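Residues per chain are reported as follows:
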Amino acid sequence: YGDITPMAYNRLEFVVVLLCMVCGGLTWALIVANVVSLIQDANAKNAEAMQTMDVVNNMIKSHNLNKELSSQCRDYFTKLGDLNQASEARKIIEKMSPMLQNVVTRAVYDDWIEDVWWLQGVSNGFLVHLVLRMENTLYIPREDIPDARAVCFVMRGLVIWGGLLMRKGDSWGMDMILNNNRLRKANSGMALTFLETIMLKRHQLDMVMEEFPDDKAKIRRAQVNLATIRGLILKAKEIAKREGLSFGGKKKADFLRFDNKQQSDARVDGIEEASQETRLIISRVDILMGCVEQCETRVDHVFAYMNMAFVELRGMLDAIHLAVNPPLDPSAAAAKDM
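Residues numbered from 1 in each chain as written. Predicted model: local features only at pLDDT ≥ 70, side-chain atom pairs only at ≥ 80, totals over all residues. Heavy atoms only, no water.

So, the side chain of Glu196
Short version of the rule: A helix here means a DSSP run of H or I that spans at least four residues, while a strand means a run of E at least two residues long, and both kinds are numbered starting from the N terminus. Only heavy atoms matter for contacts: two residues are in contact if any of them lie within 4.5 Å across the pair.
Tracing the chain through its elements places Glu196 in strand S8 (residues 195–201). Those residues in contact with Glu196 that lie beyond four places of it in its chain are Lys79, Asp82, Leu83, Thr137, Leu138, Phe153, Val154, Met155 and Arg156.

Given below as structure tokens:
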């Protein structure tokens, strides 16, 4: 049948055949082990997810949870697996080179970067550090979302925030850079479906700004501009309330009702005058910020000139010292010693 067997009287052939069998067995075992390892590595995440689901199922069974709550628990941990993949993507970015980090960060997170107006003009390194510190959050349907000092971006799902319906690509909390809570919009929301968000908290922004002083100055400038605008709006509301005016609510009809044309014209003239003063104040704030920037540039120039002057002065002092105390000739110094 084509079998090749060693000769009974030749021990060398027996030894060679045994060695071939051992090598063949080891080779086959190595191949099988590598195939099993590849399959195990490919299903490592699935195995971890299955173990988590086993724990969830055991908890449901041991505590006799109802059908609706059990379904919510299973759906939550199923969605949580997708959320963990987004977190792992940022870990991969952290291991990249600085140049590759900048390119990948812009490609992956450019949508929400464009939404945040006070991030326009900051350095790429600043953006990368912000992305690496952001957190992913998962909410279940009908879960209340409290007001937090953070910028949130909807990655998946639907949410009602401040009376507005938001979906993938929308965001809220852009005024979290303000320090005065009176100037911030205190809104809350509710998730309509499973909601996946990516969040940047204020303390995380502060940590990154300490590492990038130049970008911190840009964020500070945006903070001053926003605080000025919100402060003017707040002051206008206080004046309107004090004078019996209102921009909404029950007194809105009183604001539009006038006793005569003269009173109406006076009220309109007052509103136009207030608007002109508001625009004038905003223009003066912009001029002031421009002057601050020019002063910063001029201060840098002054320090540069001072450094150059100190270098030249040091050179002049060294030249004077050499002129007053010339170095002795070695031969003359030897003769003097003798």
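Describing the packing of aromatic side chains
This is how it is decided: For Phe, Tyr and Trp, where Trp contributes only its six-membered ring, two rings pair if their centres lie within 6.5 Å, and the inter-plane angle classes them as stacked under 30 degrees, edge-to-face over 60, or tilted in between. Buried residues are those whose accessible area, probed at 1.4 Å on protein chains only, stays under 20% of the maximum for their type, while exposed residues exceed 50% and partly exposed ones sit between those limits.
Tallying each qualifying case throughout the model produces 5 aromatic pairs. Aromatic side chains Tyr109 and Trp112 sit 6.2 Å apart centroid to centroid with 70° between the ring planes, which places their arrangement in the edge-to-face category. Taken together, the residues span about one helical turn, with Tyr109 and Trp112 both in helix H4 (residues 98–115) at a distance of 3 residues. Assigned by exposure class, Tyr109 and Trp112 land together as buried. Aromatic side chains Trp161 and Trp172 sit 4.7 Å apart centroid to centroid with 20° between the ring planes, which places their arrangement in the stacked category.

Thoughts on the nonpolar core
Nonpolar side chains in soluble globular proteins generally cluster together in the buried interior. This is how it is decided: Residue types Ala, Val, Leu, Ile, Met, Phe, Trp, Tyr and Cys, when buried and joined through side-chain atoms within 4.5 Å, form a set referred to as a nonpolar core.
With 29 residues, the main nonpolar core has Trp112, Trp118, Leu119 and Phe126 as its most contacted residues. At the level of secondary structure, the elements contributing two or more residues to this core comprise H4, helix H5 (124–133), strand S3 (150–156), S8, helix H6 (202–211) and helix H7 (213–242). Per-element accounting of this core gives the leading share, 4 residues, to H5. Those residues within four positions of Trp118 in sequence are excluded, and the remaining contacts are Val151, Met174, Met176, Ile177, Leu205, Ile219 and Ala222.

Description of the pattern of salt bridges
Heads up, the condition is: Take a side-chain nitrogen of Lys or Arg and a carboxyl oxygen of Asp or Glu: if they are within 4 Å of each other, that pair is a salt bridge.
Enumeration over the complete set of coordinates arrives at 10 salt bridges. Between Glu238 and Arg182 there is a salt bridge; the shortest N-O distance is 2.7 Å. With Glu238 in helix H7 and Arg182 in the loop between strand S6 (171–172) and strand S7 (189–191), this pair connects stretches of sequence that are 56 residues apart. Here Lys216 makes a salt bridge to Glu210, at a shortest N to O gap of 3.1 Å.

Concerning the sheet that holds S3
Quick note on the threshold: A pair of strands is considered paired only if DSSP assigns at least 2 bridges between the two. For helices, the fitted axis covers only the stretch in contact; all axes are lines through C-alpha atoms, and the angles between them, taken along N-to-C directions, range from 0 to 180 degrees.
The strand order S1-S8-S3-S6 describes an open sheet built from 4 strands, whose pairing is antiparallel. Looking at strand neighbours, the two that pair on one side only are strand S1 (135–139) and S6, the edges of this open sheet. For S3 and S8, the ladder comprises 6 bridges, and the chain directions are antiparallel. If you follow Ala150 over to S8, its bridge partner there is Lys201. Strands S1, S3 and S8 of the sheet are contacted by helix H3 (residues 67–94), whose axis makes an angle of about 170° with S1.

Examining the side chain of Gln101
For clarity, the cut-off: Any pair of N or O atoms that falls within 3.5 Å is considered a polar contact. Within protein, one atom must be able to donate a hydrogen and the other to accept it, and sequence-neighbouring residues count only if both atoms are side-chain atoms.
Turning to its location among the elements, Gln101 is positioned in helix H4. In this structure the side chain of Gln101 is engaged in a polar contact, spanning 3.4 Å, whose partner is the backbone oxygen of Met96. If we skip the residues at most four places from it in the chain, Gln101 touches Ile93, Glu94, Lys95, Met96 and Val128.

A word on the sheet that holds strand S5 (residues 164–166)
Strand order in this open sheet of 4 strands is S2-S7-S4-S5, and the pairing throughout is antiparallel. Looking along the sheet, the strands with just one partner apiece sit at the ends: strand S2 (144–145) and S5. Bridge analysis of S2 against S7 gives 2 bridges, and the strand direction is antiparallel. Directly across from Ile145, in S7, lies its bridge partner Gly189.

Concerning H3
Stated formally: In a helix, the anticipated span is given by 1.5 Å times the number of residues less one.
Between its first and last C-alpha, H3 extends 41 Å over 28 residues, near the 40 Å set by a 1.5 Å rise per residue. Every buried residue of H3 is accounted for by Ser70, Cys73, Leu83, Arg90 and Ile93. For H3, the N-terminal cap is Asn66; the gap from its side-chain oxygen to the backbone nitrogen of Glu68 is 3.4 Å.

Here's the deal with the environment of Ile60
For Ile60, the location among the structural elements is in helix H2 (residues 44–63). Of the residues examined, Ile60 reaches a relative accessible area of 7% and is grouped as buried. Between the C-alpha atoms of Ile60 and Cys73, which are 13 residues apart in sequence, the distance is 8.7 Å. Ile60 has contacts with Leu65, Ser70, Cys73 and Arg74, leaving out every residue within four places of it along the chain.

Let's talk about unusual backbone geometry
Excluding glycine, a negative phi dihedral is what most residues carry, and trans is how most peptide bonds are arranged. At Asn64, a residue that is not glycine, the phi angle is positive and equals roughly 55°. Along the chain, Asn64 turns up in the loop between H2 and H3. Looking at Asn64, the relative accessible area reads 67%, which means it is exposed. Despite not being glycine, Arg142 shows a phi value in the positive range, around 65°. The exposed category is assigned to Arg142, whose relative accessible area is 56%.

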